[in-house]
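# Tertiary structure, described
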Amino acid sequence: MEATRVIVIRHGETAWNVDTRIQGQLDIPLNDTGRWQAARLGRALAEEPVTAVYSSDLSRALETARAIAAPLELPVQTDAGLRERGFGTFEGLTFAEIDRDLPEQALLWRRRHPEFAPEGGENLLRFRERVTGTAGALATRHPGELIVLVAHGGVMDILYRAATGQELQAPRSWQLGNAAINRLLWSGQGFSLVGWSDLSHLTEATRDEFGT
């Protein structure tokens, strides 16, 4: 199978990113900074030979994807498999509120226990299966081509780990910046890392909050 080049992008900034509030699968829109970042992405990728743009169906990702797709004159195809991790009862809470009100759960979450899930949410094992399965299936449709996947911080984290062989519980030492350009290669056997966290198209600092 001919390899597929994949650009994976976390959505632009939202007000809840700024507040360190867990969004999960709640449909939170971009803020003004996020819309600016999305426009900059569109300019940065306008000359790339992209053949398809896929996005999470949550509006913060979808709006970002549309800004990328418009200069390329491509449609955006949505896939719920690219959604952020479901955080259940954590959704809508800030990091500080989780630490204060749910200390035992907060410890399991911060230690990245693979089988822990907030009530109504996904554990990391199921999340990894969903994300890698979806991304791999989409890449398999486009051998020899370049595609864009627009999703969320948690999705970026899973894909980085898949491409580098990092365990789910390994401490994060890489960035998940809003609107960063990340590049992977899909061989049919899995993902490999080409480049990560390119922010050269942005002139203002982006935020990287865990799990948002």
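What comes next is a walk through the structure. Residue positions are given per chain, counted from 1 along the sequence in the order it is written. Owing to the predicted nature of the model, reporting of local features is limited to residues with pLDDT of at least 70; listing and counting of side-chain atom pairs is limited to 80 or more, with chain, interface and lining totals taken over all residues. Side-chain measures were taken over the full set of non-hydrogen atoms in the model, leaving aside hydrogen atoms and water.

### Let's talk about the overall build of the protein
Which entries qualify depends on this criterion: What counts as a helix is a DSSP run of H or I of at least four residues, what counts as a strand is a run of E of at least two, and both are numbered from the N terminus. Here the radius of gyration uses the C-alpha set of atoms, whereas the globule reference equals 2.2 Å times the residue count to the power 0.38. To sort residues, take the accessible area from a 1.4 Å probe on protein chains only and compare it with the maximum for the residue type: under 20% means buried, over 50% means exposed, and anything in between is partly exposed. Whether two residues touch is decided by their heavy atoms; if any such pair falls within 4.5 Å, the residues are in contact. Throughout, the Shrake-Rupley method with a 1.4 Å probe supplies accessible areas, and for residues the shown protein chains are the sole cover considered. The positive count covers Lys and Arg only, the negative count covers Asp and Glu only, and His and the chain ends enter neither. By convention, charge coordinates are those of NZ in Lys, CZ in Arg, CG in Asp, or CD in Glu.
Of the regular secondary structure elements, the protein holds 7 helices and 6 strands. Helices and strands in the protein line up, N terminus first, as β-α-α-β-α-β-α-α-α-β-α-β-β. The C-alpha radius of gyration computed for the protein amounts to 16 Å, which stays within 12% of the reference 17 Å derived for 212 residues, consistent with globular compactness. Taken along the three principal axes of its C-alpha coordinates, the protein extends 50 × 40 × 25 Å. Counting across all 212 residues of the protein, residues that qualify as buried make up 49%. Nonlocal contacts in the protein, meaning residues at least 24 apart in sequence, comprise 72% of its contacts between residues at least 6 apart. When the accessible surface of the protein is summed, it comes to about 9300 Å², and 48% of that surface belongs to carbon and sulfur atoms. Looking at charge distribution, the protein has the averaged site of its 22 positive side-chain charges lying 1 Å from that of its 28 negative ones.

### Points about helix α6 (residues 124-140)
Spelled out, the test is: Expected span, for any helix, means 1.5 Å times one less than how many residues it has.
Compared with an ideal rise of 1.5 Å per residue, which puts 17 residues at 24 Å, α6 spans 24 Å between its outermost C-alpha atoms and is within 8% of the ideal. Among all positions in α6, only L124, F127, R130, V131, T134, A135, G136, L138 and A139 are buried. Lining the buried residues of α6 we find β1 (4-10), β2 (50-55), β4 (146-151), α7 (153-164), β5 (181-186) and β6 (191-198).

### So, the nonpolar core
The condition is simple: Residues belong to a common nonpolar core when they are buried Ala, Val, Leu, Ile, Met, Phe, Trp, Tyr or Cys residues joined through side-chain atoms within 4.5 Å.
By size, the foremost hydrophobic cluster in this structure holds 27 residues, and its most contacted members are V6, V8, L149, L159, L184, F191 and W196. Only β1, β2, α6, β4, α7, β5 and β6 provide two or more residues apiece to this core. If we ignore the near neighbours within four places in the chain, the residues touching L149 are V6, I7, V8, I9, Y54, A135 and L138. L45, I68, L146 and I181 belong to the second-largest nonpolar core, a separate cluster that totals 17 residues.

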